[in-house]
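Single-letter residue listing:
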Amino acid sequence: PLPPFGIDRLEPQWTGGDLFVRIASDDPMTVAHAQRMLLKDARSFTQPHWIQPGFRRAAGTTQQGSSMRNLFGQVDGTVNPTQDAEFERLVWSRDGWVAGGTSMVVRRIHMDLDKWDRLDRSGREQSIGRTLESGAPLTGTHEYDAPDFSATHPNGFPVIPEFAHIRRARGSGGVPQILRQPYNYEDGPHAGSVSNAGLIFVSYQVNPVAQFVPMQRRLDELDLLNEWTTPIGSAVCAIPPGCA
């Protein structure tokens with residue numbers, strides 16, 4: 001397990017486990033059938049602890065190369081290692097029994113959409129550090145523009161606030177340390193709210209202690225997004241190398 005964080009409100013039904021299986025498809029019928037076949041074949045030696053369905057935009061509904069949006073309406077997953085050497089260094093393990101594989105962190109993050117609805121557009125953009133329209137950093141024009149964390153307004157305040165999510169996630173190095181692949185979830189309305197929704201955050205990295213934990217500690221300390229998000233599930237998995 002990851003070390004405890006102050007923002008965590010982990011619930012046992014979404015936390016831990018022994019064996020992880022990820023099923024993905026553009027077609028929910030395929031996912032449902034594959035899930036049933038795998039669970040049926042595995043029931044002699046194990047039983048489900050949690051199942052977390054997630055979704056992204058349907059294939060073909062977004063422009064090629066653009067990131068998905070989360071249920072806050074913000075682009076999500078923009079910054080990832082892209083160059084081969086960077087990807088190799090940050091994602092693929094080189095030592096031990098998992099050499100050639102990687103590790104995966106899964107976090108179920110509840111999003112208070114009702115409270116977020118009451119925040120104005122400027123507040124939403126400041127909390128993330130990106131514009132709603134294009135996902136560009138507040139110092140840029142396009143989604144993939146590099147944010148300028150040193151830029152200031154005439155009054156001396158940073159254009160991208162100290163508490164902005166993208167500043168806290170990047171840290172002083174300013175470069176990504178994990179490969180992110182988020183999914184949305186929506187479990188429908190419940191008492192007192194019209195939605196029970198959030199993000200299934202998935203990241204891949206060589207070493208979760210060295211790469212994920214420092215980032216999460218920075219977010220734990222000063223991310224304004226914590227006002228509207230609460231981690232309620234957490235798991236860490238070792239992913240062995242694939243086979244031919």
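Right above here is the structure, for reference.
Residues numbered from 1 in each chain as written. Predicted model: local features only at pLDDT ≥ 70, side-chain atom pairs only at ≥ 80, totals over all residues. Heavy atoms only, no water.

S.K.: Help me understand the pattern of salt bridges, please; the structure alone is not making it clear to me.
M.R.: Think of it this way: side chains of opposite charge can pair up when their charged atoms draw near. Applying the stated criterion across every chain, the model contains seven salt bridges. A salt bridge links D187 to R108, with the nearest nitrogen and oxygen atoms 2.6 Å apart. Here R108 lies in strand β3 (residues 102-111) and D187 lies in the loop between β5 (183-186) and β6 (197-205), a separation of 79 residues in the sequence. (Salt bridge = Lys/Arg side-chain N within 4 Å of Asp/Glu carboxyl O. Helix = DSSP H or I, 4+ residues; strand = E, 2+ residues; numbered from the N terminus.)

S.K.: Would you explain helix α1 (residues 28-42) in this entry?
M.R.: For the α-helix, the turn length of 3.6 residues means that residues three or four positions removed from each other point alike. In this model, α1 (15 residues) spans 21 Å end to end at C-alpha, consistent with the 21 Å of a helix rising 1.5 Å per residue. For α1, the capping residue at the N-terminal end is D27, with a side-chain oxygen 3.1 Å from the backbone nitrogen of M29. (Expected span 1.5 Å × (residues − 1). Polar contact = N/O pair within 3.5 Å; in protein donor to acceptor, adjacent residues only side chain to side chain.)

S.K.: Before we go on, may I ask you to explain the environment of R9 in this structure?
M.R.: Its location among the elements puts R9 in the segment before α1. Placed 128 residues apart in sequence, R9 and P137 show a C-alpha to C-alpha distance of 30 Å. With sequence-adjacent residues up to four places away left out, R9 is seen in contact with T230, P231 and I232. (Contact = heavy atoms within 4.5 Å.)

S.K.: Can you help me understand the packing of aromatic side chains in this one?
M.R.: Aromatic ring pairs: the centre-centre distance and the angle between the two ring planes describe each pair. Scanning all chains against the criterion turns up five aromatic pairs. On the numbers, 6.0 Å between centres and 55° between planes, the contact of F87 with W92 is tilted. Its relative accessible area of 24% is what places F87 among the partly exposed residues. Look at W92 and you get partly exposed, because its relative accessible area is 32%. Between F201 and F212, the aromatic rings sit 6.0 Å apart at their centres with planes inclined by 45°, giving tilted as the arrangement. You can see F201 sitting in strand β6 and its partner F212 sitting in helix α6 (residues 208-222), a full eleven residues away along the chain. The two residues F201 and F212 agree in class, both being buried. Put simply, the rings of F72, W116 and W228 pair up and form one aromatic cluster. Sitting over the ring of W14, R108 keeps its end group 3.7 Å from the ring centre. A cation over an aromatic ring shows up here: R108 above the ring of Y185, its NZ or CZ 3.8 Å from the ring centre. (Phe/Tyr/Trp six-rings, centres within 6.5 Å; stacked < 30°, edge-to-face > 60°. Buried < 20%, exposed > 50% of the residue type's maximum accessible area, 1.4 Å probe, protein only. Lys NZ or Arg CZ within 6 Å of the ring centre and 35° of its normal.)

S.K.: I tried to follow the side chain of R168 on my own but got confused; where do I start?
M.R.: Relative to the helices and strands, R168 is located in helix α5 (residues 165-170). Excluding residues that lie within four positions of it along the chain, R168 makes contacts with E162, F163, M215, R218, L219, E221, L222 and D223.

S.K.: Mind showing me how you'd approach the side chain of E86 here?
M.R.: Here E86 shows up in helix α2 (residues 84-91). Buried charge E86 goes without a salt bridge, the closest partner of opposite sign being R89 at 5.0 Å. (Lys, Arg positive; Asp, Glu negative; His and termini not counted.)

S.K.: It is not clear to me how the state of the cysteines should be interpreted in this structure. Could you clarify?
M.R.: Covalently bonding the sulfur atom of one cysteine to the sulfur atom of another cysteine gives a disulfide. Going through the model one piece at a time under the given rule, you end up with zero disulfides. In this structure C237 is not part of a disulfide, and its nearest cysteine sulfur, from C243, lies 18 Å away. In this structure C237 comes out as buried when scored by relative accessible area, which is 12%. (Disulfide = S-S within 2.5 Å.)

S.K.: I would appreciate a short explanation of the pairing of β3 in the present structure.
M.R.: Within a regular strand, side chains alternate between the sheet's two faces. The buried fraction of β3 is high, at nine of ten residues. With nine bridges connecting them, β3 and β6 associate as antiparallel partners. Bridged to I109 within β6 is L199. (Pairing = 2+ DSSP bridges.)

S.K.: Is there a simple way to explain α2 in this structure?
M.R.: Within α2 the residues assigned to the buried category are E86, L90 and V91. Burial along α2 is one-sided: seen end-on, the buried residues are contained in an arc of 100°. In α2, the exposed residues that point more than 90 degrees away from the buried face are D84 and A85. Those residues of α2 hidden inside the fold are in contact with β3, β4 (179-180), β6 and α6. (Arc of directions from axis to C-beta.)

S.K.: What's the story with the environment of I166 in this structure? I'm lost.
M.R.: Looking at the secondary structure, you find I166 in helix α5. Beyond its immediate chain neighbours, meaning those up to four positions away, I166 contacts I128, G129, R130, P137, P147, F149 and I160.

Functional significance is not addressed by these values, which are geometric in nature.
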